[in-house]
Protein chains: 2
Amino acid sequence: MENLKLTLCYDGSEYHGWQRQENAMTVQQRVEEALSRVVKQSVTVLGCSRTDAGVHAREYVCNTHVITSVPDDKMPYALNALLPDDICVTSCRRVPHEFHARFDTVAKEYCYTLCNQPHKDPFSVKYAWHYPYALDFEAMKRACEDLVGTYDCTVFEAAGSDTKGTRVRSIYKVELTKEGNFIRFRICANGYLYNMVRIMMGTLVSVGNGKLSADCIPMLIERKDRRLAGITAAPQGLCLTKVWYKKEDWCR
Amino acid sequence: MENLKLTLCYDGSEYHGWQRQENAMTVQQRVEEALSRVVKQSVTVLGCSRTDAGVHAREYVCNTHVITSVPDDKMPYALNALLPDDICVTSCRRVPHEFHARFDTVAKEYCYTLCNQPHKDPFSVKYAWHYPYALDFEAMKRACEDLVGTYDCTVFEAAGSDTKGTRVRSIYKVELTKEGNFIRFRICANGYLYNMVRIMMGTLVSVGNGKLSADCIPMLIERKDRRLAGITAAPQGLCLTKVWYKKEDWCR
């Protein structure tokens, strides 16, 4: 029995997220179907995170325990021949039996893209949230800096989530950049509550349009009240861009 | 009667090109349908060029003679409310009656994008030609420079084209750049023969993979034989990026 670590890249537009569901197509189902055809056995693939419908991934990691003699460097070609164009396996590696794509993550990076111009951009409709009104980028940038730290993230969690255990997360790094009419929010944290990045982005937009002040973040974190934060930004702007693991070696 | 100059941006993936056709959806048909609903009369929109199925445009210009009292700055909003997400009107301007979007062009710029990596990139499947083999970028760049000039472009014209008149075109500027795994070919010319940019790109790829030498271009131009050039690169990599007109004022 091998433990294969697969790295994927996918356009989530046509899927109901990563996780298998009844009556709706998901990325996990597509990958499991392709893999089971290649290794000729039924398989379960463990993903590094659940992503929502319409959310994308440039580097998504999953693992699976299978019996196979297909070499690591041939596996992506075998799988890509069976996968649709919107899902691509970029690498396969045999890893120690104990490796678990979800439980062993130490950090994940997401990028959220905002398209800030009067009219929609046909090329980014599925990859960015179109926000047509003026935004004070500098105010957003100042607010963004206060998101770094280790704190209870309840204010940035979707109402009605069933998080078990602590809601404290460590946000290691954030970055807000502007390139033409596109604003990108990058965040690296050890974990995320449900819809956390999208609510943070909605909150930064509220700062940008003046509904919230540039120094509101510490107060929001302190108050722990979801209703005080901004709206949940649209799913298609979100993309999982990198995953780090406990052992340096597992990250390759 | 007003003469409206409309500037569009469109993702051509779902269309059979610009020009109206029986039994196939085109960009022209979508724009005419939206405009005729706004101005409540049947309209014909004259485009700056025919684009092929799957080809995109970041800046496409067309004009139309209509009776309307909708102000120029309101027209894009009125049209975009009726157009699908993959077509966007970015500006509308009343221009002199004699302006013709096609006949009055003096130059057009196209950009062709190549994705040069082993596996497909799910995010650029519809916007780039995926070429998985090694390419000598420096050789391509050297060959590319020889494309500038005024000459008979027959070697870069699709077989069986029914071009009337001269096949001499002036290529003012070319540029080949590399950013990560993406190679971009930009070309600005006073006119183009059928499939010209795609055949030029296919020829540069033949230089990159060694089938043609880096100094082959002058010979190819001289020989005027389509069979000596490279293949016609896939349509989805092509995008019309800019159009210039006779009078400076019409370009705005």
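Each remark here, short or long, concerns the structure printed above.
Rules and cut-offs
- Residues numbered from 1 in each chain as written.
- Chains lettered and ligands numbered in written order.
- Predicted model: local features only at pLDDT ≥ 70, side-chain atom pairs only at ≥ 80, totals over all residues.
- Heavy atoms only, no water.
- Helix = DSSP H or I, 4+ residues; strand = E, 2+ residues; numbered from the N terminus.
- Buried < 20%, exposed > 50% of the residue type's maximum accessible area, 1.4 Å probe, protein only.
- Contact = heavy atoms within 4.5 Å.
- Areas by Shrake-Rupley, 256 points an atom, 1.4 Å probe, with all protein chains shown as cover.
- Lys, Arg positive; Asp, Glu negative; His and termini not counted.
- Charge placed at Lys NZ, Arg CZ, Asp CG, Glu CD.
- Least-squares fit on C-alpha atoms with pLDDT ≥ 70 in both.
- Polar contact = N/O pair within 3.5 Å; in protein donor to acceptor, adjacent residues only side chain to side chain.
- Expected span 1.5 Å × (residues − 1).
- Buried area = accessible area lost by both parts, 1.4 Å probe.
- Salt bridge = Lys/Arg side-chain N within 4 Å of Asp/Glu carboxyl O.
- Phe/Tyr/Trp six-rings, centres within 6.5 Å; stacked < 30°, edge-to-face > 60°.
- Lys NZ or Arg CZ within 6 Å of the ring centre and 35° of its normal.
- Disulfide = S-S within 2.5 Å.
- Pairing = 2+ DSSP bridges.

Structural notes on the overall build of chain A
Phase 1 of the analysis: Summing up its helical and strand segments, chain A has five helices and ten strands in all.
Phase 2 of the analysis: Judged by the C-alpha coordinates and their principal axes, chain A covers about 60 × 40 × 35 Å.
Phase 3 of the analysis: The burial tally for chain A puts 56% of its 252 residues in the buried class.
Phase 4 of the analysis: A sequence separation of at least 24 residues applies to 71% of the contacts in chain A between residues at least 6 apart.
Phase 5 of the analysis: Put simply, chain A shows about 11,600 Å² of open surface, and 49% of that area lies on carbon and sulfur atoms.
Phase 6 of the analysis: If you average the places of the 33 positive and of the 30 negative side-chain charges in chain A, the two averages end up 2 Å apart.

A closer look at the relation of the copies chain B and chain A
Phase 1 of the analysis: Relative to chain A, chain B is turned by 180° and slid 0.0 Å along the rotation axis, the superposed coordinates differing by an RMSD of 0.0 Å. Taken together, these values place the two copies in the relation of a two-fold axis. Proximity to the rotation axis, assessed at the C-alpha, singles out B:Phe123 in chain B; its C-alpha lies 5.3 Å from the axis.

Some points on the side chain of A:Thr241
All names here are of chain A.
Phase 1 of the analysis: Within the secondary structure, threonine 241 sits in strand β10 (residues 238–245).
Phase 2 of the analysis: Take threonine 241: its relative accessible area is 14%, and that puts it in the buried class.
Phase 3 of the analysis: A distance of 2.6 Å separates a polar atom in the side chain of threonine 241 from a polar atom in the side chain of glutamate 109.
Phase 4 of the analysis: Residues in contact with threonine 241, not counting those within four places in the same chain, are Arg58, Glu59, Glu109, Tyr110, Cys111 and Arg186.

Focus: helix α4 (residues 196–208) of chain B
Residue and element names in this part refer to chain B.
Phase 1 of the analysis: Between its first and last C-alpha atoms α4 spans 18 Å; for 13 residues at 1.5 Å apiece the expected length is 18 Å, and the two agree.
Phase 2 of the analysis: Most of α4 is tucked away, with 13 of its 13 residues classed as buried.
Phase 3 of the analysis: Just downstream of α4 lies glycine 210, where phi reads positive at about 90°.

Looking at unusual backbone geometry
Residues and elements named next belong to chain A.
Phase 1 of the analysis: Of note in this structure, asparagine 195 is not a glycine but carries a positive phi near 65°.
Phase 2 of the analysis: Tracing the backbone through its elements, the reader meets asparagine 195 in the loop between β9 (182–189) and α4 (196–208).
Phase 3 of the analysis: Despite not being glycine, lysine 224 shows a phi value in the positive range, around 55°.
Phase 4 of the analysis: Following the sequence through the fold, lysine 224 ends up in the loop between α5 (217–223) and β10.

Some words on the interface of chain B and chain A
Phase 1 of the analysis: In this complex, chain B contributes 24 residues to the contact, which on the side of chain A involves 24 residues.
Phase 2 of the analysis: Between chain B and chain A lies a buried interface of about 1,800 Å² when both sides are counted; carbon and sulfur atoms form 63% of it.
Phase 3 of the analysis: Considering only the side of chain B, the residues that lose the most area to chain A are B:His119, B:Pro122 and B:Phe123, jointly responsible for 39% of the buried surface there.
Phase 4 of the analysis: Viewed at the interface, chain A and chain B are joined by four salt bridges.

Overview of the environment of B:Pro132
Residues and elements named next belong to chain B.
Phase 1 of the analysis: By the secondary structure assignment, proline 132 is in the loop between β6 (129–130) and α3 (137–145).
Phase 2 of the analysis: By relative accessible area, proline 132 is classed as partly exposed at 32%.
Phase 3 of the analysis: Once the C-alpha coordinates of proline 132 and serine 213 are considered, the two residues, 81 residues apart in sequence, prove to be 20 Å apart.
Phase 4 of the analysis: Apart from residues lying up to four places away in sequence, proline 132 is in contact with Asn116, Gln117 and Pro118.

A look at the packing of aromatic side chains
Phase 1 of the analysis: Here the structure, examined in full by the defined rule, presents 16 aromatic pairs over all chains.
Phase 2 of the analysis: Judged by centre distance (5.7 Å) and plane angle (75°), the rings of A:Phe123 and B:Tyr127 are edge-to-face. Highlighted residues: A:Phe123 in the loop between β5 (105–115) and β6 (129–130) and B:Tyr127 in the loop between β5 (105–115) and β6, drawn from two different chains. Both residues of the pair, A:Phe123 and B:Tyr127, count as buried.
Phase 3 of the analysis: Measuring from centroid to centroid gives 5.6 Å for B:Tyr131 and B:Tyr133, while their planes differ by 85°, and the two rings are edge-to-face.
Phase 4 of the analysis: A residue is classified by how much of its surface remains accessible, and B:Tyr131, at 11% relative accessible area, is buried.
Phase 5 of the analysis: Of the aromatic side chains, those joined through ring pairs into one cluster are A:Tyr10, A:Trp18 and A:Tyr60.
Phase 6 of the analysis: Positioned over the ring face of A:Trp244 is A:Lys242, at 5.5 Å from the centre of the ring.

A closer look at the pattern of salt bridges
Side-chain pairs of opposite charge can arise where the charged atoms are in close proximity.
Residue and element names in this part refer to chain B.
Phase 1 of the analysis: Enumeration over the complete set of coordinates arrives at 32 salt bridges over all chains.
Phase 2 of the analysis: We note a salt bridge from lysine 242 to glutamate 59, for which the minimum N-O separation is 3.8 Å. One end of the pair, lysine 242, is in strand β10 (residues 238–245); the other, glutamate 59, is in strand β3 (residues 56–66), and 183 residues separate them in sequence.
Phase 3 of the analysis: Here aspartate 162 ties to lysine 164 by a salt bridge, and the two come within 3.5 Å at their closest N and O atoms. Here the two residues aspartate 162 and lysine 164 agree in accessibility, since each one is exposed.

Here's the deal with the state of the cysteines
Residue and element names in this part refer to chain B.
Phase 1 of the analysis: Following the criterion strictly, the structure yields zero disulfides over all chains and no others.
Phase 2 of the analysis: Cysteine cysteine 88 remains unbridged, with the sulfur of cysteine 9 as its closest cysteine sulfur at 6.3 Å.
Phase 3 of the analysis: Under the relative-accessibility criterion, cysteine 88 is labelled buried at 2%.

Section: the pairing of β3(B)
Residue and element names in this part refer to chain B.
Phase 1 of the analysis: For β3, the buried fraction is high: nine of the eleven residues fall into the buried class.
Phase 2 of the analysis: The pairing of strand β1 (residues 2–10) with β3 spans eight bridges and is antiparallel. Note that in β3 the partner of asparagine 3 across the bridge is histidine 65.
Phase 3 of the analysis: Of the pairings in the sheet, the one linking strand β2 (residues 46–47) to β3 comprises two bridges and is antiparallel in character. Considered in β3, the bridge of glycine 47 is made with cysteine 62.
Phase 4 of the analysis: Two strands pair when backbone bridges link them, and β3 and β10 are joined in this way by two bridges, in the parallel orientation. When the bridges of β10 are listed, alanine 57 appears paired with leucine 240.

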